[in-house]
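These are the residues of each chain, in order.
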Amino acid sequence: MKDYSPEAPFRGITLLSSREIEAMRPACKLSSELLDFLTPMVKPGVSTLELNDAAEQWTRQHGATSAPLGYGGPPGAINFPKSICTSINNVVCHGIPNKKDILQDGDIINIDVTPFFNGYHGDSSRTFMVGTVSPIARKLVEVTEQAMWKGIEAVKPGGRIGDIGAAIQAYAESEGFSVVRDFVGHGVHRIFHAEPQIPHYGVRGKGKKIRPGMVFTIEPMLNVGTYEVALLDDQWTAVTQDGSLSAQFEHTLAVSKSGVEVLTYFPAAVPALA
């Protein structure tokens, strides 16, 4: 979710202590568990509003709140009106759940969740395949997930943020897909969106140095066609400019002296592509 809120003016990078990272773990675990909870609901005939309402109820039952709900929008736009983002087919990100968007066989949908718990945010998303999808849709989803992991593997203490985007871009383009430029990963902790910004394209060896204590998301959006996007009249929903399919995956990770830990990843989680 692009930052429009005055809470996070990107004034500097916050390095979290090991104690703070421990305090953040429950929120990150909730984000994974919430996506697991929603997984069986992703099927033909279900509306995005039903997904939203189920997510909101689950989040409250677990003592958390939904960070996207009421999040500040750009000038002239409403605050984000729902608890999750649901982005179907050519929607790149920030799709607003509603009763008219009903999942159809062959759709792909990204669900982006951010529970706020114990003073911290846990931010994660997955793209799901609904029923039987086309070969190109399946390839897009699979490559996008792998591109995210390529970016995560590029995170090294002492490395550069450009290393992340370079790894994602090289892999995505080698598979015939484009990488969205308009939206990036971001620092996340007590603040929903903070420094550093993490582009999913770039040049190895460029950008800010990766340091222990950094906590941020990697969340590449890949398109079948051009990387260019357009914003709908609601000032939230971003779509591919050429109407082609788009997919996204996201994890929150923490950098330590020894490497990187993906805070929103749990091996027992329901596979996103099941």
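Here the structure is a predicted model, which means the values were calculated and not measured.

Asker: Can you tell me about helix H3 (residues 135-153), naming the residues and giving the values?
Answerer: In this model H3 runs 27 Å from its N-terminal to its C-terminal C-alpha over 19 residues, within 8% of the 27 Å that 1.5 Å per residue would give. Of all the residues in H3, the buried ones are Ala-137, Leu-140, Val-141, Val-143, Thr-144, Ala-147, Met-148, Gly-151 and Ile-152.

Asker: Before we move on, can you summarise the packing of aromatic side chains with the specific residues and values?
Answerer: Going through the model one piece at a time under the given rule, you end up with 4 aromatic pairs. Relative to Trp-236, the ring of Phe-80 lies with its centre 5.2 Å away and its plane at 85°, an arrangement referred to as edge-to-face. Highlighted residues: Phe-80 in the loop between strand E1 (65-66) and strand E2 (85-88) and Trp-236 in the loop between strand E13 (229-231) and strand E14 (238-240), separated in sequence by 156 residues. Each member of the pair, Phe-80 together with Trp-236, is buried. The interplanar angle of 80° and the centroid separation of 5.4 Å between the aromatic rings of Trp-149 and Tyr-265 together place this pair among those described as edge-to-face. With Trp-149 in helix H3 and Tyr-265 in the segment after strand E17 (259-262), this pair connects stretches of sequence that are 116 residues apart.

Asker: Summarise the packing of helix H1 (residues 18-38) against helix H2 (residues 48-61); cite the residues concerned and give the values.
Answerer: Look at H1 against H2: their axes get within 10 Å of each other, and the N-to-C directions meet at 135°. The angle between H1 and H2 places the two elements in the oblique class. Crossing geometry of H1 relative to H2 is assigned as right-handed. Counted together, Leu-30, Glu-33, Leu-34, Phe-37 and Leu-38 of H1 and Leu-51, Ala-54, Ala-55, Trp-58 and Thr-59 of H2 form the full contact between these two elements. By residue class, the composition of the contact of H1 with H2 is 8 nonpolar, 1 polar and 1 charged.

Definitions and cut-offs
Residues numbered from 1 in each chain as written. Predicted model: local features only at pLDDT ≥ 70, side-chain atom pairs only at ≥ 80, totals over all residues. Heavy atoms only, no water. Helix = DSSP H or I, 4+ residues; strand = E, 2+ residues; numbered from the N terminus. Expected span 1.5 Å × (residues − 1). Buried < 20%, exposed > 50% of the residue type's maximum accessible area, 1.4 Å probe, protein only. Phe/Tyr/Trp six-rings, centres within 6.5 Å; stacked < 30°, edge-to-face > 60°. Axes fitted to C-alpha atoms, helices over the stretch in contact; angles between N-to-C directions. Parallel < 35°, antiparallel > 145°, perpendicular 65-115°, else oblique. Left-handed = near helix turned anticlockwise from the far one by under 90°. Contact = heavy atoms within 4.5 Å. Nonpolar A, V, L, I, M, F, W, Y, C, P; charged D, E, K, R; others polar.

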